[in-house]
Amino acid sequence: MHSFGYRLNGLLTFSVTILAIMCAIASLSDNLNSRSPSAEIQVMNINWFQKQPQANDEVSLTMNISADLQSLFTWNTKQLFIFVAAEYDTPKNSLNQVSLWDAIIPAKVHAKFWIHTSNKYRFVDQGKYLRGKKFNLTLHWHVMPKTGKMFADKIVLTGYSFPEEYR
Amino acid sequence: MDWQGQKLVEQIMQIMLLVFAVIAFVAGYVLGSFRMMMIVYAGGVALTALITVPNWPLFNRHPLNWLDPSEAEKHPKPQVAVSSKKERHQKVNVVLAAE
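Not measured: the values here are computed from a predicted model.

All names here are of chain A. For the structure on display, the rule yields 1 cavity of 30 Å³ or more. By volume, the largest cavity amounts to about 40 Å³. In this structure, the largest cavity is lined by D30, R35, L72, T74, N76, T77, V143, P145 and F151.

And the structure:
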């Protein structure tokens, strides 16, 4: 601490080190949060269900997605990234996960919502196995922090199935 | 600043930064606002810098008394034995301080 510049350098270095420790503790405090999310997805309509020429099955559906994800937000949360995926198995692949819709929730007030939408991304199978197939819809979320560790989890909703024939 | 002032200022700086860090974290956690934590901490760093970094006179209350130039001339400087080639390029500064 011999001169102005020396003291300034020491102070800045120490303050930034302490800031890093504060951010680490803030991230650890996220573990104290008890989470109770809920969600529900209804498939309102299968819009069409076709076979692409010489190729794979494709389906378009309209969903009504409602969820209450407010308990996932903490003081250290920047935003919530959520997406809905369809999961099913086929003789070709033991697990298929196709992402149908996603969104970013920037604040707690927006985390309790419902939306009536068709799938944002095309639902195409690798093959022609979708007729009569049972599938699950899962709502995944990634809690993106302001600093520190990101948490990811999901809710699995079962009981959906495709029609027996193309339409 | 003198030596004692430097030691005091270093202690003040470390303690103030730690105290402000704790206050900032608690304020942010209780208010549920990350922004509040950063604002309080930044304010604390600025205040600490204002107190500890500049050469305030109150940290110079035990100054060292350097020897008067007239007194120094009465005592010859010790000669450093070097080869004649180097003598032109070398400068030796010997400073005497009174206790």
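Read on for the rest.
Okay, a nonpolar patch on the surface next. Residues and elements named next belong to chain B. A contiguous nonpolar surface patch, about 570 Å² in accessible area, is contributed by V22, V26, V30, L31, M36 and I39. If you list the elements that add at least two residues to the nonpolar patch, you get α1 (3–31) and α2 (34–52). Counting residues per element, the nonpolar patch draws most heavily on α1, which supplies 4 residues. Looking at where V22 falls in the secondary structure, it is placed in helix α1.

Quick look at the packing of aromatic side chains now. Residue and element names in this part refer to chain A. Inspection of every chain in the model, using the stated rule, returns 13 aromatic pairs over all chains. Between F135 and Y160, the aromatic rings sit 5.8 Å apart at their centres with planes inclined by 25°, giving stacked as the arrangement. Pair noted here: F135 is in strand β7 (residues 134–145) and Y160 is in strand β8 (residues 151–161), with a separation of 25 residues, a long-range link. Through pairs of rings, three or more aromatic residues link up here, namely F49, Y88, F123, F135, Y160, F162 and Y166. Between the NZ or CZ atom of R35 and the centre of the ring of F151, over which it lies, the distance is 4.6 Å.

A word on the interface of chain B and chain A. Listed as interface residues are 27 residues of chain B and, on the opposing side, 21 residues of chain A. When the two sides are added together, the surface that chain B and chain A hide from each other amounts to roughly 2,100 Å², 82% of it contributed by carbon and sulfur. At the junction of chain B and chain A, the tally comes to 0 salt bridges. Of all the elements in the fold, those that place two or more residues in the side of chain B that touches chain A are α1 and α2 of chain B. Sorting elements by how many residues they give to the side of chain B that touches chain A places α1(B) first, with 13 residues. Split by residue class, the side of chain B that touches chain A holds 18 nonpolar, 8 polar and 1 charged.

Right, let's talk about α2(B) for a bit. The end-to-end C-alpha distance of α2(B) is 27 Å, a good match for the 27 Å that 19 residues give at a rise of 1.5 Å each. Listed in full, the buried residues belonging to α2(B) are F34(B), M37(B), Y41(B), G44(B), V45(B), T48(B), A49(B) and T52(B). Seen from one end, α2(B) has its buried residues packed into an arc of 135°, which puts them on one side. The exposed set on the far side of α2(B), more than 90 degrees from its buried face, consists of R35(B), I39(B) and L50(B). Those residues of α2(B) hidden inside the fold are in contact with α1 (4–29) of chain A together with α1 of chain B.

Turning our attention to the environment of D125(A). All names here are of chain A. By secondary structure assignment, the location of D125 is in the loop between β6 (123–124) and β7. For the pair formed by D125 and M144, sequence separation is 19 residues and the distance between their alpha carbons is 30 Å. Not counting residues within four places of it along the chain, the set of residues in contact with D125 comprises N56, D57, Y88, T90, N96 and L130. A distance of 2.8 Å separates the side chain of D125 from the side chain of Y88, its partner in a polar contact.

How each quantity is defined
Residues numbered from 1 in each chain as written. Chains lettered and ligands numbered in written order. Predicted model: local features only at pLDDT ≥ 70, side-chain atom pairs only at ≥ 80, totals over all residues. Heavy atoms only, no water. 1 Å grid on protein atoms, 1.4 Å probe; cavity = no way out; pocket = protein on both sides within 12 Å on 5 of 7 lines; lining within 4 Å. Points joined across faces, edges and corners; volume = space filled by probe spheres on them. Patch = residues over 30% accessible without salt bridge, like charges linked within 9 Å, V, L, I, M, F, W, Y side chains within 5 Å. Areas by Shrake-Rupley, 256 points an atom, 1.4 Å probe, with all protein chains shown as cover. Salt bridge = Lys/Arg side-chain N within 4 Å of Asp/Glu carboxyl O. Helix = DSSP H or I, 4+ residues; strand = E, 2+ residues; numbered from the N terminus. Phe/Tyr/Trp six-rings, centres within 6.5 Å; stacked < 30°, edge-to-face > 60°. Lys NZ or Arg CZ within 6 Å of the ring centre and 35° of its normal. Contact = heavy atoms within 4.5 Å. Buried area = accessible area lost by both parts, 1.4 Å probe. Nonpolar A, V, L, I, M, F, W, Y, C, P; charged D, E, K, R; others polar. Expected span 1.5 Å × (residues − 1). Buried < 20%, exposed > 50% of the residue type's maximum accessible area, 1.4 Å probe, protein only. Arc of directions from axis to C-beta. Polar contact = N/O pair within 3.5 Å; in protein donor to acceptor, adjacent residues only side chain to side chain.

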